[in-house]
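So you can see what is in the structure, the chains are spelled out below.
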Amino acid sequence: MSLQAVDSDPLMSPDYEDVDINNNNIDNNINNKDSEIENPTLNDDTEGSFKNIDIEYPNKPNLLQSAGNQIDCSFITPPEPNVKRLLRSTNINSIEEYGIDIKSKVHCCDLLDNIFNHDNYNDYFIEITQAEKINDFFGSSYIIYTIQTIRKQDHEVLFETKRRYSEFDMLQKHLIARFPTLIIPPIPGKSNLIEYATGSGKNQKDTMVEKRKRMLQTFLNRLRKHPVLCCMHIIHLFIQQGAQWSSKQDIIDLKEGTNKIVSCIDEPRLVIIKDKLNLCLKYITAMYNIQSEACKNLQDLSVLYSNSGEIYNCWSMEKDPYAPILDQFRKTGETLYTKLQTALQNMETYIIDTLVQYIKYIEIALNVCKVYRNKYLRFQQISQQLENKRNYLKHMENENAHEPSYEPTGSIGIENNILRFRSTINSFIDNDPIVTRQNNISSTKDFINQLEGDQESQLSILAIASLQVDTDIQRFEKERKDDFINIFKQYALIHRDIDAYQYELWSSIKSQISNK
Amino acid sequence: MDDFNTLTWDTGFGYTPTDEDVKNEEEDSKMEFEEEEHQKFVSFTVPNSDKLQIEICDPQKESDGSNFFTTYLIKSKNSLEIYSQKENEVRHRYTDFINLNNALISTYPSCIIPPLPEKKVIESFITGDRFSPEFTERRRNLLEIYMKRIARHPVIQNSDILKNFLESTDMTRAIEQAKNDNNTVLDGISDSIVNSFSKIKNTNEKFVKAKEKLDRLEVNLQHVEKLHTNIIKQEKSIENHMNEFALAAEKFGETDVDLENIVNEFSNTLRNVSKNIGEKATKEENVYVGNIKGYINYCQSYKDTLKARDQKQMDFEGLSSYLKSYSDELKKYENNPAHISSGITSFVSRKFDEMKGNDPKLRREEKMINLQKKIEELKPEVEKSEEDSKRFDDDITKEIEYFDNFQIMDFRKYLNDYIDIQVESHQKNKKLWDDLIEKFENTTV
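Parameters and conventions
- Residues numbered from 1 in each chain as written.
- Chains lettered and ligands numbered in written order.
- Predicted model: local features only at pLDDT ≥ 70, side-chain atom pairs only at ≥ 80, totals over all residues.
- Heavy atoms only, no water.
- UniProt positions renumbered as here; feature names shortened; annotations may be inferred.
- Helix = DSSP H or I, 4+ residues; strand = E, 2+ residues; numbered from the N terminus.
- Contact = heavy atoms within 4.5 Å.
- Areas by Shrake-Rupley, 256 points an atom, 1.4 Å probe, with all protein chains shown as cover.
- Axes fitted to C-alpha atoms, helices over the stretch in contact; angles between N-to-C directions.
- Parallel < 35°, antiparallel > 145°, perpendicular 65-115°, else oblique.
- Left-handed = near helix turned anticlockwise from the far one by under 90°.
- Nonpolar A, V, L, I, M, F, W, Y, C, P; charged D, E, K, R; others polar.
- Pairing = 2+ DSSP bridges.
- Buried < 20%, exposed > 50% of the residue type's maximum accessible area, 1.4 Å probe, protein only.
- Polar contact = N/O pair within 3.5 Å; in protein donor to acceptor, adjacent residues only side chain to side chain.
- Domains from an automatic or database assignment.
- Buried area = accessible area lost by both parts, 1.4 Å probe.
- Salt bridge = Lys/Arg side-chain N within 4 Å of Asp/Glu carboxyl O.

- By the naming in an unreviewed UniProt entry, chain B goes by Sorting nexin-4 and is assigned to Anaeromyces robustus.
- Its UniProt record gives chain B the following Sequence similarities (unreviewed entry) comment, quoted word for word: "Belongs to the sorting nexin family."

- Under an unreviewed UniProt entry, the name given to chain A is PX domain-containing protein, and the organism recorded is Anaeromyces robustus.
- Check the Sequence similarities (unreviewed entry) section of the UniProt entry for chain A; it says "Belongs to the sorting nexin family."
- What the UniProt record of chain A gives under Subcellular location (unreviewed entry) is the line "Endosome membrane".

## Here we look at the overall build of chain A
And then number 1: Within chain A, the secondary structure is distributed over nine helices and five strands.
And then number 2: The secondary structure elements of chain A, listed N-terminal to C-terminal, are β-α-β-β-β-α-α-α-α-β-α-α-α-α.
And then number 3: Across chain A, the fraction of contacts at a sequence separation of at least 24, relative to all contacts at a separation of at least 6, is 75%.
And then number 4: As displayed, chain A has an accessible area near 25,400 Å², and 51% of this comes from carbon and sulfur atoms.

## Here we look at the packing of helix 6 (residues 268-316) of chain A against helix 7 (residues 323-398) of chain A
Residue and element names in this part refer to chain A.
And then number 1: Their axes nearest at 7 Å, the elements helix 6 and helix 7 cross at an angle of 165°. One element, helix 6, and the other, helix 7, form an angle in the roughly antiparallel class. Of the two possible hands of crossing, helix 6 and helix 7 adopt the one that is left-handed.
And then number 2: Within the contact of helix 6 with helix 7, the residues separate by chemical class into 34 nonpolar, 13 polar and six charged.

## A short note on the side chain of Lys213 of chain A
And then number 1: Relative to the helices and strands, Lys213 of chain A is located in helix 4 (residues 204-225).
And then number 2: If near-sequence neighbours (up to four positions away) are discounted, Lys213 of chain A is found in contact with Ile128, Thr129, Gln130, Ala131 and Tyr145 of chain A.

## Points about the sheet that holds strand 2 (residues 124-135) of chain A
Residue and element names in this part refer to chain A.
And then number 1: Strand order in the open sheet formed by three strands is 2-3-4, with antiparallel pairing between adjacent strands. With partners counted over all chains shown, the strands left at the sheet margins are strand 2 and strand 4 (156-164), one partner each. For this sheet, the mean inter-axis angle between neighbouring strands, taken without regard to orientation, is 20°.
And then number 2: The pairing of strand 2 with strand 3 (residues 141-151) spans 11 bridges and is classified as antiparallel. Across the sheet, Ala131 pairs through a bridge with Tyr145, a residue of strand 3.

## Observations regarding the environment of Arg212 of chain A
Residues and elements named next belong to chain A.
And then number 1: Note that Arg212 resides in helix 4.
And then number 2: Given the relative accessible area of 15%, Arg212 is considered buried.
And then number 3: For Arg212 and Lys282, which are 70 residues apart along the polypeptide, the C-alpha to C-alpha distance reads 24 Å.
And then number 4: Engagement of the side chain of Arg212 in a polar contact is seen with the backbone oxygen of Gly189, the distance being 3.1 Å.

## A closer look at the domain arrangement of chain B
Residues and elements named next belong to chain B.
And then number 1: Annotation of chain B at the domain level lists domain 1 (46-183) and domain 2 (185-445).
And then number 2: The interface of domain 1 with domain 2 comprises 18 residues on the first partner and 22 residues on the second.
And then number 3: The largest per-residue losses of area from domain 1 upon contact with domain 2 belong to Ser110, Ile112 and Arg152, which jointly make up 36% of the total buried on that side.
And then number 4: Scanning the region where domain 1 abuts domain 2 turns up one salt bridge.
And then number 5: At the boundary of domain 1 with domain 2, the tally comes to five residue pairs in polar contact (both at pLDDT 80 or more).
And then number 6: Ranked by residue count, the leading element in the side of domain 1 that touches domain 2 is helix 4 (residues 133-152), at three residues.

## Side note on the packing of helix 9 (residues 433-515) of chain A against helix 8 (residues 257-335) of chain B
And then number 1: Contact geometry for helix 9 of chain A and helix 8 of chain B: axes closest at 11 Å, N-to-C directions at 15°. Here helix 9 of chain A lies roughly parallel to helix 8 of chain B, going by the angle between them. Where helix 9 of chain A crosses over helix 8 of chain B, the handedness of that crossing is left-handed. Every residue of helix 8 of chain B that contacts helix 9 of chain A at Lys481, Ile485, Phe488 and Tyr491 of chain A is listed here: Asp258, Leu259, Ile262, Val263, Phe266 and Leu270 of chain B.
And then number 2: Looking at the contact of helix 9 of chain A with helix 8 of chain B residue by residue, the classes come out as eight nonpolar, no polar and two charged.

Given below as structure tokens:
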């Protein structure tokens with residue numbers, strides 16, 4: 001399928017302001033608390049206005065009203081998107097850059113606003129302090145995590161609550177469904193069978209729980225950082241005591257209408273983004289694998305050093321004159337074991353965990369690209385259909401009444417074939433070809449109108465999506481850059497520690513020997 | 001009646017200190033020694049250990065028309081009287097070393113001759129031919145260690161065979177020497193052993209202790225060798241992974257213009273660090289583990305010599321008990337004229353004699369004369385054997401001291417070398433990491 005009307009594709013033009021979609025709906029959603037949105041559809045009868053259309057939720061379930069202690073998804077219907085020109089700023093800090101109006105942000109309370117304000121990011125911290133095992137009445141047991149929101153300067157605990165893994169999972173899935181074009185931070189996987197199998201000795205279950213704890217903590221803090229997500233009231237409720245998911249809601253799986261036609265010309269911008277993401281994924285996965293192997297080596301080495309303690313001890317029992325040196329060797333072996341174990345722990349926390357997270361994070365980003373692509377596809381389809389219809393109409397109007405319509409050029413051949421077939425049939429059974437033709441023309445005109453409506457709405461969807469994807473990719477890239485500089489720095493720090501320690505150890509032994 | 005109890009073992013105080021050995025004094029006082037027996041600190045030196053210095057270098061490939069072989073240049077400096085020149089240079093091939101070794105073994109059965117590097121080195125078959133530079137270098141190094149050990153031995157230093165070896169390429173004397181005398185220590189025992197005592201009667205505590213100590217040393221060394229071989233394997237693996245990580249990080253950095261510079265610094269540092277780790281591992285392998293392996297072989301030579309000593313003593317004991325059985329029998333005849341020896345065989349022979357009509361009295365006298373003769377023959381043999389054994393024991397006692405002292409010197413050096421390798425490598429790496437971290441601090445995030 002080729003994209004015919006390139007000129008008329010507004011996305012190809014750099015200037016978004018030509019497309020004025022939301023001309024009148026800025027303060028539409030303040031009164032969302034009261035109104036429920038029942039099954040909005042893309043084809044709204046009210047011509048051209050998009051108020052209260054929850055575009056992302058075509059089949060939104062009937063959610064329970066907020067009663068203060070239940071997390072009500074309807075409470076956070078999207079702020080009305082406002083398409084603005086994309087600003088090339090280095091710091092994606094504000095919600096407006098995503099085309100979302102700041103006025104539509106829901107205000108909970110001052111404290112929460114502060115905590116989730118981007119400028120105050122370093123003043124607060126969300127920490128998962130504990131992971132306890134709970135056995136509930138039905139005999140099943142699970143781990144519950146204590147989440148504390150802390151003000152850094154005086155370590156005061158502002159909020160505290162306990163949540164289990166499945167609640168985190170629901171939160172994340174909800175956010176993904178809610179903002180399919182934003183890159184939502186990842187959470188640790190459901191069942192880490194592989195990690196379980198290759199977990200290092202000792203207390204596998206403990207370390208798995210520890211890992212999860214760390215990653216869930218990072219998840220919450222990343223949410224805090226995101227200029228759009230941090231405003232989501234659902235997150236504010238999540239960290240507070242008392243708010244519960246009202247029921248095991250079905251995670252809304254947003255299925256875009258993926259038509260069978262897969263091939264289309266991708267937006268070049270999107271291709272670049274996807275390629276870069278794939279490349280990053282490839283190398284990050286490689287780094288993760290390599291570093292896991294290296295950690296195994298380090299583990300084996302530390303065990304060897306602890307063995308060396310015994311071996312040199314045994315030899316030093318011979319009480320040869322050089323036995324004091326052997327004794328030093330023994331001590332070195334023993335302390336090195338401890339040191340290397342600490343280093344391994346640090347590597348797990350700072351390097352391996354982050355690499356794993358980013359693998360998931362990039363996968364989420366690739367998904368976002370897919371979502372966007374589908375919207376783009378849809379837009380192209382509609383545009384193509386529209387084009388075909390218009391051509392058809394033109395030909396019909398210019399046609400002699402008796403000449404059968406011919407196929408317009410265009411590759412939605414099936415539809416045209418059907419039309420042709422129908423017109424042929426009609427011409428067989430037709431008594432009044434002129435009337436038929438008139439009917440045809442008017443029905444085609446109607447169809448065209450409908451398509452035009454579709455096109456416009458899809459365009460607005462696309463415009464928002466494009467803006468959000470762009471902005472969030474930028475933010476994501478910056479976050480990724482910062483995080484990876486940190487990973488590499490930690491790598492250097494950990495290794496420097498090991499080498500510095502060994503240098504100290506051996507040179508002090510050497511000076512002891514040469515001084516005597 | 002030798003009284004080995006007057007001999008005491010030097011525990012490390014008082015041998016001729018070389019450069020590094022002075023440190024030992026206070027070091028030893030730090031350790032708690034369990035004094036099981038009253039020990040006299042008899043000062044032992046390893047005399048003259050630096051009178052002969054040997055160096056091996058410059059391997060060359062030569063041929064004698066049909067075969068190719070490698071020869072090594074052997075430079076020596078000496079301050080010994082038997083040498084006509086103070087400095088010598090000569091070329092020898094590996095086979096010459098073997099002949100020298102065999103000659104020395106036969107000439108000095110009571111000395112612990114250090115082991116030669118093996119003729120067939122397995123690695124040479126796997127990784128390349130016997131002319132590859134690595135193989136040649138390794139062999140040169142091992143031959144040098146061998147010659148140095150021989151040179152510092154106070155007894156072997158003065159060997160004619162050695163002098164011959166160091167002065168000329170002609171090995172005929174050595175070859176003859178090796179043939180004439182017994183080839184191995186164990187064969188060089190007088191073969192007048194008739195009886196089959198497999199164990200020594202009078203076990204000498206000192207030698208038993210020496211053997212036990214040697215066994216323990218060997219076991220310890222084997223453990224150390226295995227441990228460090230494994231450590232080296234891990235280090236090499238870590239080196240590889242660091243390199244791979246550097247590559248992956250570098251490629252990752254290419255995706256982001258802002259990252260590229262700092263990530264390149266990172267990758268370069270990793271590559272340098274991993275190179276250092278590799279070098280360290282190689283040094284540990286060649287210097288430390290190689291030496292430990294060599295020492296295990298040295299211990300084997302020591303064991304062989306101890307066995308030889310045991311054998312000599314058994315000879316003597318065997319002979320002397322043989323002698324004793326004769327004189328005992330003679331005594332029996334003397335004491336009891338009408339001696340009727342008991343036992344089936346003598347009963348049968350008496351009966352036989354009776355049947356033949358021999359006169360028991362006459363026979364008894366004949367027998368006594370025979371016994372007398374035999375005793376006369378044996379006595380000097382037994383005396384000689386006793387002397388031999390005693391002399392051997394004295395020699396071995398000295399050898400044990402030498403070995404102990406050499407061992408102390410050697411291990412001190414090996415351990416220090418190991419420490420040096422560690423210090424150098426970790427210092428270099430620490431500096432590399434420090435530089436990198438500084439660069440990270442400078443790129444403001």
